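A closer look at the structure
Given next are the chains, with one letter for each unit.
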Amino acid sequence: MATTRAALSLQRLLVPSNPGKPQPRSTVLARFPSTTSSSRARRAVAAAAAPAAAVLSPPPRLGDVIEAQQFDRDALNEIFVVAREMEAVERDSHRKPSRLLEGYLMATLFYEPSTRTRLSFECAMRRLGGEVLTTENAREFSSAAKGETLEDTIRTVEGYSDIIVLRHFESGSARRAADTANIPVINAGDGPGQHPTQALLDVYTIKREIGTLDGIKLALVGDLANGRTVRSLAYLIAKYQNTKIYFVSPDVVKMKDDIKDYLDSQGVEWEESSDLLEVASKCDVIYQTRIQKERFGERIDLYEAARGKYIVDKKVLDVLPKHGIIMHPLPRLDEIEKEVDGDPRAAYFRQAKNGLYIRMALLKLLLVGH
Amino acid sequence: MATTRAALSLQRLLVPSNPGKPQPRSTVLARFPSTTSSSRARRAVAAAAAPAAAVLSPPPRLGDVIEAQQFDRDALNEIFVVAREMEAVERDSHRKPSRLLEGYLMATLFYEPSTRTRLSFECAMRRLGGEVLTTENAREFSSAAKGETLEDTIRTVEGYSDIIVLRHFESGSARRAADTANIPVINAGDGPGQHPTQALLDVYTIKREIGTLDGIKLALVGDLANGRTVRSLAYLIAKYQNTKIYFVSPDVVKMKDDIKDYLDSQGVEWEESSDLLEVASKCDVIYQTRIQKERFGERIDLYEAARGKYIVDKKVLDVLPKHGIIMHPLPRLDEIEKEVDGDPRAAYFRQAKNGLYIRMALLKLLLVGH
Amino acid sequence: MATTRAALSLQRLLVPSNPGKPQPRSTVLARFPSTTSSSRARRAVAAAAAPAAAVLSPPPRLGDVIEAQQFDRDALNEIFVVAREMEAVERDSHRKPSRLLEGYLMATLFYEPSTRTRLSFECAMRRLGGEVLTTENAREFSSAAKGETLEDTIRTVEGYSDIIVLRHFESGSARRAADTANIPVINAGDGPGQHPTQALLDVYTIKREIGTLDGIKLALVGDLANGRTVRSLAYLIAKYQNTKIYFVSPDVVKMKDDIKDYLDSQGVEWEESSDLLEVASKCDVIYQTRIQKERFGERIDLYEAARGKYIVDKKVLDVLPKHGIIMHPLPRLDEIEKEVDGDPRAAYFRQAKNGLYIRMALLKLLLVGH
């Protein structure tokens, strides 16, 4: 069973996630044979030429990274194994710089600024020897400002790069980009929609720090209503066995029912609590989040009340198990006290660093496969 | 005659286009012999040392790219031959990345944003192994904001790069930059002035898609009054034999008399028409352009009328010859219907891609010659 | 004595300038041995393993570059020797590109735009074979906008790079960044505070052009009250023997007493004068600066009066000694007439170029040592 499931999973990981994506039209290819440089087109040709299970054919590759749910447990494991290898690649980057992605170009097409995410992707590409084309604020992309569709922009940019990392303010735009492009697309956040690489690095961090995902007890703390981060994380945690999730949040930003229903349907135990210390004493992971002021409009009073309610401080550390960790997607304001930073269980900056390894792994898998 | 003309043309292509450009003063060179790194200075020295027609001396190089008119027919052909070679260079970029421009630095000095053009140049440089320094919005360049002249900025930036790609909002600024710089300058658009690399890629696309430029029938459609693109294209087309140009545009944005007079003086046949279908049935190339809303001020009614008048749609495709193509400088709004995109004759995204090959060719010719 | 002093100085140059900087906690290192990639951590380990004066151990490195005063005379000389070597590295960059910093990543974290400084650093890194992550306006860094502390930003960015070049609007921020980071930090200007690489390149230019610093006569002209440039320069000049400084400035922007007191305490001769021509006839270096309009608020009349008072023009050149030079930190407005540019003694663009060599030298010293 496991073998069958793994094989199936591998296939799901490696096959383009949207089988309906238009392949380069052969008429166009025939007409302008040397104009195309789509690695996917060449992949398609290579794949068509090779027997289905041929051992010597070039390995197939991951298609696009659009949403956290596209990965099943085995696919996640694949990515995590490569991410772990990337730590060594990065460590050797001065002594023996990687040239794995030499000659590859990544375009970071950011329609809203997200310097942290952009730097992480660009560092990942460069640590593998690849090159980067940057647009720090593509919303003011002259073409977009003039009314060009995202699809047209993608069709142009795909001619200038080998992979597109897209940050957009509209939910669903990453899917639209991937449906258009003949090169891989990675969703680096599409508005209130998804931010799958954040979800992957969160789960990887738990695995890397705790050693396992099965059986973990996780507290999600803070703004559970608005944060796409905690929502995506809940989806992914549900793929593992015997997990338990605690929701600790001010009433105004409680976890919504859709996630609770989903966890029920997956048989994942969950519990709401208003006692952070009690929860912390039983948990492997405290995942703290920022209360987002912008969600409260003019009700600054509600924001201030919500904001001060659950703070991770020395008292939380005192009850947290020795092997436990504190996570946070960053940036933080004061929902984690500075006094916590010095504790080895404060994992949030290592978590940010893991974003690099996850993104290196995805770039490798998407561009050259295993 | 042809030989003589070709030789002359080659010389015109390769010699710096502004012979009056100041060469590094020898007094300064003598005083600080190792401070200069101008490749042009070294070129000048090498050229002076070598006999005029020496076979073994390093090949001379193109000077600057300032305006479409600087290229004659043979110079264009030179560039197109190299552009075609660049397709193979790009195709091999994963398997065998080019290192032709390794160690060369291109500065993109953009005083107004033009992401498409910038990405195309930066991709070109990187596909040849070169490196890039980017300024996405040099207008806010602190120095410019403080009142520094373009000349002073150029004198500084030329110390940090090997070639400058300049986008500026003022007509004539590229010429001023080239007159100042001791390294090559490429005009990437100077306000209402010129955008020579766009003109080159347009002509290259016709040559690449149709196979020839002599004898072609070309319809220029849309905003012919304001678009520098169609004006530059008309100038270049006039260099070929037996061509015919149709102007199809709303009355408010008709082609101006200076271009018509120029075509007359060159013996190029032209005709105005208000029947796009009739024209399309006789043409090799339909060059559609966007009606620019910003030109109409408060007369939105005139804009709306002009905008809807000539649309490239399925009906145009039905009458366009089988070998014909649809071009557009992009971005497009709805002046070309989406239904056209799937037709192999829709050449506009291949046209955008050709911008990459043309820019690769120019960078090669400007920096290392043939 | 000289030997002893040189050794001491070398040590001061090479030891991290803030000995209190937190080293990676060994508990964390033990827990996540492969997560760290801090070159400084590895350096620390290497240093600990080697005998104090071992000849074969890898050379120690410069720590951070925070303020001009951190360098003593011998440290300055160290940097200048390497800067001079960098001229040859740059000159060979086409024929034999340097790979000294291959695999190293520099993050330019600019909280306010300074294109000239940024391009100079990025060029420096690339001329040595290193790579760059750019943030052109980190003030709009989404995290900073959300209230993240500089310290948290640094902790994240240090995970994505090997060295941070920081430009910030707050005095003291470079020191705070260096105290936080486990990788080297270079101050590229922190508000009204310091801009040490500008001071270094200024002193290097005098040395490179005049041949010596001891005994030079230097006129500081223009806005001496507000310019951090002339203040830093005065500090550094005081480290040399038998120098004399002339202050030539409108009354409203005279040099402040703290610098005069400092020069007195160091035994440096100085003199105020209102006769630029008389001063110029006795000087080796005229250091002209821009009168900063923004300092005058609504008193445009005062600005206009101050601005026109001391102009470097042909008349100044007529009396300046043959071996003398004109310097300016740029950008300039009209405080140096264009007619001066053609004179070999106009050193300001060579001065800007020297910024490249100084920054190359610092990057080399900080990242790989001698």
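Residues numbered from 1 in each chain as written. Chains lettered and ligands numbered in written order. Predicted model: local features only at pLDDT ≥ 70, side-chain atom pairs only at ≥ 80, totals over all residues. Heavy atoms only, no water.

- Per an unreviewed UniProt entry, chain A goes by aspartate carbamoyltransferase and derives from Eleusine coracana subsp. coracana.
- Turning to chain A, the UniProt annotation filed under Pathway (unreviewed entry) states: "Pyrimidine metabolism; UMP biosynthesis via de novo pathway; (S)-dihydroorotate from bicarbonate: step 2/3." (UniProt positions renumbered as here; feature names shortened; annotations may be inferred.)

Focus: the UniProt feature "domain: Aspartate/ornithine carbamoyltransferase Asp/Orn-binding" (unreviewed entry) in chain A
- Under the feature "domain: Aspartate/ornithine carbamoyltransferase Asp/Orn-binding" (unreviewed entry), the UniProt entry names residues 214-365 of chain A.
- Here residues 214-365 of chain A runs as 37% helix and 14% strand, with 25 Å between its end C-alpha atoms. (Helix = DSSP H or I, 4+ residues; strand = E, 2+ residues; numbered from the N terminus.)

Quick look at the domain arrangement of chain A
All names here are of chain A.
- Domains assigned within chain A are domain 1 (2-193 + 355-367) and domain 2 (196-352).
- Counting from both sides, the interface comprises 30 residues of domain 1 and, opposite them, 23 residues of domain 2.
- Both sides of the domain 1 and domain 2 interface together cover about 2,100 Å² of buried area, and 59% of this is carbon and sulfur.
- Our count for the domain 1 to domain 2 interface comes out at 2 salt bridges.
- Note that Arg208 and Glu87 form a salt bridge whose closest N and O atoms lie 2.6 Å from each other.
- Summed over the shared surface of domain 1 and domain 2, the number is 9 residue pairs in polar contact (both at pLDDT 80 or more).
- Among the elements of the structure, helix H4 (73-91), helix H5 (115-127), strand E4 (185-190) and helix H15 (348-367) are those that each provide at least two residues to the side of domain 1 that touches domain 2.
- In terms of residue count, H4 provides more of the side of domain 1 that touches domain 2 than any other element does, 8 residues in total.
- Residue classes in the side of domain 1 that touches domain 2 are distributed as 14 nonpolar, 7 polar and 9 charged. (Domains from an automatic or database assignment. Contact = heavy atoms within 4.5 Å. Buried area = accessible area lost by both parts, 1.4 Å probe. Salt bridge = Lys/Arg side-chain N within 4 Å of Asp/Glu carboxyl O. Polar contact = N/O pair within 3.5 Å; in protein donor to acceptor, adjacent residues only side chain to side chain. Nonpolar A, V, L, I, M, F, W, Y, C, P; charged D, E, K, R; others polar.)

Comments concerning the interface of chain C and chain A
- At the interface, 38 residues of chain C touch 44 residues of chain A.
- Here chain C packs against chain A, burying approximately 3,500 Å² in sum over the two surfaces, 50% of which is carbon and sulfur.
- Put simply, chain C and chain A have 6 salt bridges between them.
- Scanning the region where chain C abuts chain A turns up 12 residue pairs in polar contact (both at pLDDT 80 or more).
- Put simply, the parts of the chain that give the side of chain C that touches chain A at least two residues each are helix H2 (26-31), helix H3 (39-49), strand E2 (131-135), helix H6 (142-145) and helix H7 (150-157) of chain C.

Here we look at the relation of the copies chain C and chain A
- Aligned on chain A, chain C shows an RMSD of 0.0 Å; the corresponding rotation is 120 degrees and the shift along the axis is 0.0 Å. Both copies are brought into coincidence by an operation consistent with a three-fold rotation axis.
- Of the interface residues in chain C, just 11% have counterparts in chain A that sit at the interface too, so the contact is made through distinct surfaces. (Least-squares fit on C-alpha atoms with pLDDT ≥ 70 in both.)

Re the interface of chain B and chain A
- Every contact between the two is made by 43 residues of chain B and, on the other side, 37 residues of chain A.
- The contact between chain B and chain A buries some 3,500 Å² in all, and 50% of this surface belongs to carbon and sulfur atoms.
- The largest contributions to the chain B side of the interface with chain A come from His94(B), Arg116(B) and Leu119(B), which together make up 18% of the buried area.
- Counting every contact that joins chain B to chain A gives 6 salt bridges.
- Arg99(B) is the salt-bridge partner of Glu102(A), the closest N and O atoms lying 2.6 Å from each other.
- Those elements that provide at least two residues to the side of chain B that touches chain A are helix H4 (73-91), helix H5 (115-127), helix H9 (196-210) and helix H15 (348-367) of chain B.

What about helix H4 (residues 73-91) of chain C?
Residue and element names in this part refer to chain C.
- Taking 1.5 Å of rise per residue, the 19 residues of H4 would be expected to cover 27 Å, and the 28 Å separating its terminal C-alpha atoms lies within 8% of that figure.
- For H4, the set of buried residues is Ala75, Leu76, Ile79, Phe80, Val82, Ala83, Met86, Glu87 and Glu90.
- Capping of H4 at its N-terminal end is provided by Asp72; its side-chain oxygen lies 3.2 Å from the backbone amide nitrogen of Asp74. (Expected span 1.5 Å × (residues − 1). Buried < 20%, exposed > 50% of the residue type's maximum accessible area, 1.4 Å probe, protein only.)

Some points on the pairing of E2(C)
Residues and elements named next belong to chain C.
- The buried fraction of E2 amounts to 4 of the 5 residues, a majority that puts the element mostly inside the structure.
- Across 5 bridges, strand E1 (residues 105-110) lies against E2 in parallel orientation. Pairing of Thr108 across the sheet is with Thr134, part of E2.
- Each parallel crossover has a hand, and for E1 linked through helix H5 (residues 115-127) to E2 it is right-handed. (Pairing = 2+ DSSP bridges. Right-handed = clockwise from strand over helix to strand, strands pointing away.)

A few points about empty space enclosed by the protein
- Counted according to the given criterion, the structure contains 7 cavities of 30 Å³ or more.
- Of the voids in this model, the largest cavity is the one considered here, and its volume is about 820 Å³.
- Contributing to the lining of the largest cavity are 39 residues, with Gly129(A), Glu131(A), Glu102(B), Glu131(B) and Glu131(C) lying nearest its centre.
- Residue assignment for the lining of the largest cavity shows that the elements contributing at least two residues are H5 of chain A, H5 of chain B together with H5 of chain C. (1 Å grid on protein atoms, 1.4 Å probe; cavity = no way out; pocket = protein on both sides within 12 Å on 5 of 7 lines; lining within 4 Å. Points joined across faces, edges and corners; volume = space filled by probe spheres on them.)

Quick notes on the pairing of strand E7 (residues 269-272) of chain A
Residues and elements named next belong to chain A.
- Looking at chain direction, strand E6 (residues 244-248) and E7 are connected through 4 bridges and run parallel. Each residue of the ladder has a partner; that of Ile245, found in E7, is Trp270.
- The β-α-β motif built from E6, the intervening helix H11 (residues 257-265) and the parallel element E7 has right-handed crossover chirality.

What to know about the pattern of salt bridges
- Summed over all chains, the structure comprises 93 salt bridges over all chains.
- The salt bridge involving Arg155(B) is made with Asp341(C); its shortest N-O contact spans 3.8 Å. Residue Arg155(B) is found in helix H7 (residues 150-157), and its partner Asp341(C) is found in the loop between strand E9 (325-327) and helix H15 (348-367); the two belong to separate chains.
- Lys244(C) serves as the salt-bridge partner of Glu269(C), at 3.3 Å between the closest nitrogen and oxygen. Of this pair, Glu269(C) sits in strand E7 (residues 269-272) while Lys244(C) sits in strand E6 (residues 244-248), placing them 25 residues apart in sequence.
- A residue is classified by how much of its surface remains accessible, and Lys244(C), at 11% relative accessible area, is buried.

Topic: the sheet that holds strand E3 (residues 163-168) of chain A
- Within the open sheet, the 4 strands sit side by side as E2-E1-E3-E4 (chain A). Their pairing is parallel. In this open sheet, the two edge strands, each paired with only one partner strand, are strand E2 (131-135) and E4 of chain A. Each strand of the sheet is rotated relative to its neighbour by a mean of 15 degrees, with strand direction disregarded.
- Against the sheet, H5(B) contacts strand E1 (105-110) and E2 of chain A, and its axis sits at roughly 170 degrees relative to E2(A). (Axes fitted to C-alpha atoms, helices over the stretch in contact; angles between N-to-C directions.)

Details of the packing of H5(C) against H15(C)
Residue and element names in this part refer to chain C.
- One can describe the packing of H5 onto H15 by two numbers: an axis separation of 8 Å at closest approach and a directional angle of 55 degrees. It follows from the interaxial angle that H5 and H15 lie oblique. With respect to the hand of their crossing, H5 and H15 are arranged in right-handed fashion. Counting all contacts with H5, which are made through Thr117, Ser120, Phe121, Cys123, Ala124, Met125 and Arg127, the residues of H15 involved are Gly355, Leu356, Arg359, Met360, Leu363 and Leu367.
- In terms of residue class, the contact of H5 with H15 is built from 8 nonpolar, 3 polar and 2 charged. (Parallel < 35°, antiparallel > 145°, perpendicular 65-115°, else oblique. Left-handed = near helix turned anticlockwise from the far one by under 90°.)

Quick look at the packing of aromatic side chains
- Scanning the entire structure with this criterion turns up 18 aromatic pairs over all chains.
- An angle of 65 degrees between the planes, with centres 6.4 Å apart, marks the rings of Tyr111(C) and Phe169(C) as edge-to-face. In this pair, Tyr111(C) sits in the loop between E1 and H5 while Phe169(C) sits in the loop between strand E3 (163-168) and helix H8 (173-180), placing the two residues 58 residues apart along the sequence.
- Since its relative accessible area comes to 25%, Phe169(C) is described here as partly exposed.
- When the ring centre of Phe121(A) is taken as origin, the NZ or CZ atom of Arg359(A), which lies over that ring, is 5.0 Å away. (Phe/Tyr/Trp six-rings, centres within 6.5 Å; stacked < 30°, edge-to-face > 60°. Lys NZ or Arg CZ within 6 Å of the ring centre and 35° of its normal.)

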